[in-house]
Amino acid sequence: YAVHGASSIYAQYVTPDPTNVVGVSRINVPELNLNSQKTDGVDVEVDYTVPDEFGIPGTLTMHALGNWIDVFHSITPTQDIDSVGSASAPKMTWNIDLSHHIDAWTTELMIHYTANTIYDTTLVGLDGLTPGTAAYNSTAALSNSINRNIWPEALHFNTHFSYDIRADEGERLQTYLNIDNIA
């Protein structure tokens with residue numbers, strides 16, 4: 001702007017002020033969102049209550065929520081990172097909750113599944129390489145090398161047991177026990 005004045009490509013962002021020593025009173029910086037994300041996948045949700053005809057005492061329900069990601073790109077002006085299969089965007093996940101209610105008793109089994117994940121798609125790991133080999137040594141020498149970048153699929157189980165004590169006034173007291181990460 002200082003060289004070309006009003007004919008500068010930046011003139012639209014400058015408010016001139018001849019009384020100011022610099023000749024400019026304000027520089028307008030427009031807000032631009034140059035980043036974007038592209039995603040494609042499928043979400044599945046199933047909720048099922050076992051009918052009374054099966055003869056199971058109480059109420060038995062299953063709630064499952066699954067997610068499969070085919071595309072997950074984080075795009076900036078300088079790079080396009082495909083994060084599918086990373087810890088932040090696993091290729092597939094499932095959360096399943098089996099719940100059984102009998103009177104004041106509730107028992108739940110929560111299952112969480114995650115497909116194989118890459119810790120960080122911008123890093124390379126020494127996974128599967130034999131120490132001392134040329135491939136191992138050249139990968140280990142890279143600036144973005146880490147010891148382990150691939151994590152196997154995981155299946156986690158949690159349980160919850162509770163008993164509700166109801167008072168005459170409608171108040172409720174609940175005793176419970178949670179056991180996390182059973183396997």
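Residues numbered from 1 in each chain as written. Predicted model: local features only at pLDDT ≥ 70, side-chain atom pairs only at ≥ 80, totals over all residues. Heavy atoms only, no water.

### Digging into the overall build of the protein chain
(1) Moving on: Counting secondary structure elements, the protein chain contains one helix and 13 strands.
(2) Moving on: Each helix and strand of the protein chain, placed in order from N terminus to C terminus, yields the pattern β-β-β-β-β-β-β-β-β-α-β-β-β-β.
(3) Moving on: Over its C-alpha atoms the protein chain spans a radius of gyration of 29 Å, topping by over 25% the 16 Å that the globule rule assigns to 183 residues.
(4) Moving on: A total of 183 residues make up the protein chain; the buried ones form 18% of that total. (Helix = DSSP H or I, 4+ residues; strand = E, 2+ residues; numbered from the N terminus. Rg over C-alpha atoms; globule rule 2.2 N^0.38 Å. Buried < 20%, exposed > 50% of the residue type's maximum accessible area, 1.4 Å probe, protein only.)

### Here we look at the pairing of strand 7 (residues 105-114)
(1) Moving on: As paired elements, strand 6 (residues 92-102) and strand 7 share ten bridges and run antiparallel to each other. From the neighbouring strand, D97 faces strand 7, where its bridge partner is M110.
(2) Moving on: Connecting the antiparallel pair strand 6 and strand 7 is a turn made up of two residues, with D103 showing a positive phi of about 50 degrees.
(3) Moving on: Where strand 7 and strand 12 (residues 154-166) come together, ten bridges link them in antiparallel fashion. (Pairing = 2+ DSSP bridges.)

### Quick word on the pattern of salt bridges
(1) Moving on: Applying the stated criterion to the full structure yields one salt bridge.
(2) Moving on: In this structure, the salt-bridge partner of K91 is D70, at a minimum N-O distance of 3.7 Å. Of this pair, K91 sits in the loop between strand 5 (80-82) and strand 6 while D70 sits in strand 4 (residues 59-75), placing them 21 residues apart in sequence.
(3) Moving on: A relative accessible area of 30% places K91 in the partly exposed class.
(4) Moving on: Classification of D70 as partly exposed rests on a relative accessible area of 33%. (Salt bridge = Lys/Arg side-chain N within 4 Å of Asp/Glu carboxyl O.)

### Comments concerning the confidence of the model for the protein chain
Reading fine detail from the predicted coordinates is not recommended where pLDDT is low.
(1) Moving on: Here the protein chain averages 88 in pLDDT, while 97% of its residues score no lower than 70.
(2) Moving on: Mean pLDDT per element in the protein chain: strand 2 (residues 24-27) is the minimum at 79, and strand 6 is the maximum at 96. (pLDDT = per-residue confidence, 0-100.)

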